[in-house]
Amino acid sequence: MAAVAQPRLSPAATEAALAALKQLLGDRFTTASAVREQHGRDESWAVPSPPDAVVFPRSTEEVVEIVKICAAHGLPIVPYGAGTSLEGHVTALQGGVSVDLMQMNQILKVNAEDLDVVVQPGVRRKQLNEYLRDTGLFFPIDPGADASIGGMVATRASGTNAVRYGTMRENVLALTVVMADGRVIRTSKRAKKSAAGYDLTRLFVGSEGTLGIITEITLRLYGIPEAMSSAICSFETLEGAVNTVIQTIQAGIPVARIELLDDVQVDAINKYSKLDMPVQNLLLLEFHGSEAGVAEQAEMVQAIAADHGGNNFQWTTKPEERAKLWQARHDAAYASKALRKGCEIMATDVCVPISRLAECILETKEDVVKTGLMAPLVGHVGDGNFHLAVVVDRNNPQEIEAIEAFNERLVHRALRMDGTCTGEHGIGRGKMKYLTAEHGEAVAVMRAIKKALDPDNLMNPGKIFSI
């Protein structure tokens, strides 16, 4: 059931703004209830809240005109991409207009010699890599869902490759942004580094649509490795698996991906993706480089794993087998949801320094068992980040209360270990109350930036922190 938005405008003022938008965009403006409902939800368990209207721009110039109309009437603006965010980022809490950027889906320019590409925000990550295939280049950030690049920038996404290639923070070179008053800025040139002024690019990466609308993105690219090999290794204990990860990272082995799946998650994936992996705690790894380098990396990790109780180490270089394995990993959330018919998942994540990873995961697993939750665990553990997909019956108030209490304990556990309340999902609506606990007085600085750039609080109001 959708939440009722709390509009800030009178019905007459809202109607005037919507009429101006309809005149601007014609059939790319809609107030159809089905479309509005779709744009008032993401893949989180946040209660949906639909906008008053949805618009579909095709250029930066159209976004400028949309923003100017909304600013003139005081109508809230909620940028929308693929709708795959996980903390209620796209819900229209104060009504307003959802700006769906998915028709801005052009790959504008590939600069192969400079290893970068310029795209519009509606380009999806799989679309981009398919386009790049013949150039010998690829874009490595893979948050699991086939997300839009604009959404990935806005939520500072990462994914399974982050341990080697970094997150969106490291891989966005420049942005074109439409500000809350309709001004258009470019945050940087294409140079790989600069010491000229404030780093505005990083300011907008992770801003969750609260500071402006991103309309062009320049991304760093990488050469497709000569060889890639994927491997799995099973462990009787979570501690053995996590300690293998820690020692692998500390040894400087340049692993491209190193994912942890607990036994509950492995069982769910086997059932959902028709695999037959051993139902134990599992590390799923990938190595990139030369053929000799990949073989050497795999052998080194196998030796480390054996010291920590690892067994059944299997690896493959066949593209189709690698693709099947990683698709199953990316489908982990859907596999978890399928464990209980008619239920949903509450996805949450934290990240801690790798030296505290084993402690944090083991305490969390103990908490899951003690609380009696069905909560498969999976993690991008090479950088200290792990996730739980807690399967929940939304019609059971006691269950919801238990899950919310568990999530709070999880967050404070991570903060106590000098970690963060979210490694990659973002704050959105879902983790607003933890931001001050993590950042303290720095949140006041964030509010000051927001007020300076968006004094009327039009851009995605009610997200990250309250104004």
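Scroll up to find the structure.
What counts, and at which threshold
Residues numbered from 1 in each chain as written. Predicted model: local features only at pLDDT ≥ 70, side-chain atom pairs only at ≥ 80, totals over all residues. Heavy atoms only, no water. Axes fitted to C-alpha atoms, helices over the stretch in contact; angles between N-to-C directions. Helix = DSSP H or I, 4+ residues; strand = E, 2+ residues; numbered from the N terminus. Parallel < 35°, antiparallel > 145°, perpendicular 65-115°, else oblique. Left-handed = near helix turned anticlockwise from the far one by under 90°. Contact = heavy atoms within 4.5 Å. Salt bridge = Lys/Arg side-chain N within 4 Å of Asp/Glu carboxyl O. Buried < 20%, exposed > 50% of the residue type's maximum accessible area, 1.4 Å probe, protein only. Phe/Tyr/Trp six-rings, centres within 6.5 Å; stacked < 30°, edge-to-face > 60°. Disulfide = S-S within 2.5 Å. Core = buried A, V, L, I, M, F, W, Y, C linked by side-chain atoms within 4.5 Å. Pairing = 2+ DSSP bridges.

## Brief notes about the packing of helix H9 (residues 238–250) against helix H14 (residues 357–371)
The contact between H9 and H14 brings their axes to 9 Å, and the two run at 155°. In this view, H9 runs roughly antiparallel relative to H14, as classed from their interaxial angle. In this structure, the crossing between H9 and H14 has a hand that is right-handed. Here H9 contributes Leu238, Glu239, Val242, Asn243 and Ile246 to the contact with H14, which in turn contributes Leu357, Ala358, Ile361, Leu362 and Lys365.

## Looking at the pattern of salt bridges
One pass over the structure, following the stated rule, counts 25 salt bridges. For Arg190, the salt bridge goes to Asp114, with nearest N and O atoms at 3.1 Å. Of this pair, Arg190 sits in the loop between strand E9 (184–186) and helix H8 (200–204) while Asp114 sits in the loop between strand E5 (107–111) and strand E6 (116–119), and the two are 76 residues apart along the sequence. On the basis of relative accessibility, which here comes to 38%, the residue Asp114 falls in the partly exposed class.

## So, the packing of aromatic side chains
Scanning the entire structure with this criterion turns up two aromatic pairs. Here Phe138 and Tyr165 contribute two aromatic rings whose centre-to-centre distance is 5.6 Å and whose plane-to-plane angle is 90°, an arrangement assigned as edge-to-face. Linking Phe138 in strand E7 (residues 137–138) with Tyr165 in helix H6 (residues 162–165), this pair joins segments that are 27 residues apart in sequence. Accessibility expressed as a relative area gives 9% for Tyr165, which makes it buried. Both rings, one in Tyr165 and one in Tyr222, keep their centres 5.0 Å apart while their planes meet at 70°; by these two values the pair is edge-to-face. With Tyr165 in helix H6 and Tyr222 in strand E11 (residues 222–223), this pair connects stretches of sequence that are 57 residues apart.

## Digging into the state of the cysteines
In this structure the tally under the stated criterion is zero disulfides. Free cysteine Cys360: the closest other cysteine sulfur is in Cys351, separated by 9.4 Å. Free cysteine: Cys421, not disulfide-bonded; nearest cysteine sulfur from Cys351 at 11 Å.

## Observations concerning the nonpolar core
Core analysis: the largest hydrophobic core is formed by 54 residues, its most contacted members being Leu260, Leu285, Phe287, Ile361, Phe386, Leu388 and Val390. The element contributing the most residues to this core is helix H15 (residues 397–416), with seven residues. Other than its neighbours up to four places away in sequence, Leu388 contacts Met346, Ala347, Thr348, Thr364, Val368, Ala375, Pro376, Leu377, Phe406 and Leu410. Grouped together as the second largest cluster of nonpolar side chains are 26 residues, Leu137, Ile149, Ala157 and Val172 included.

## Things to note about the pairing of strand E18 (residues 385–392)
The element E18 is extensively covered by neighbouring structure, given that eight of its eight residues are classed as buried. Here E18 shows a buried face lined by Asn385, His387, Ala389 and Val391 and a second buried face lined by Phe386, Leu388, Val390 and Val392. Two elements, strand E16 (residues 344–351) and E18, share eight bridges in a ladder whose sense is antiparallel. Across the sheet, Met346 pairs through a bridge with Val390, a residue of E18. Note: strand E17 (residues 377–380) against E18, four bridges, orientation antiparallel. Within E18, the position partnered with Leu377 by the bridge is Leu388. Count of turn residues in the E17/E18 antiparallel hairpin: four residues, of which Gly384 carries a positive phi of about 80°.

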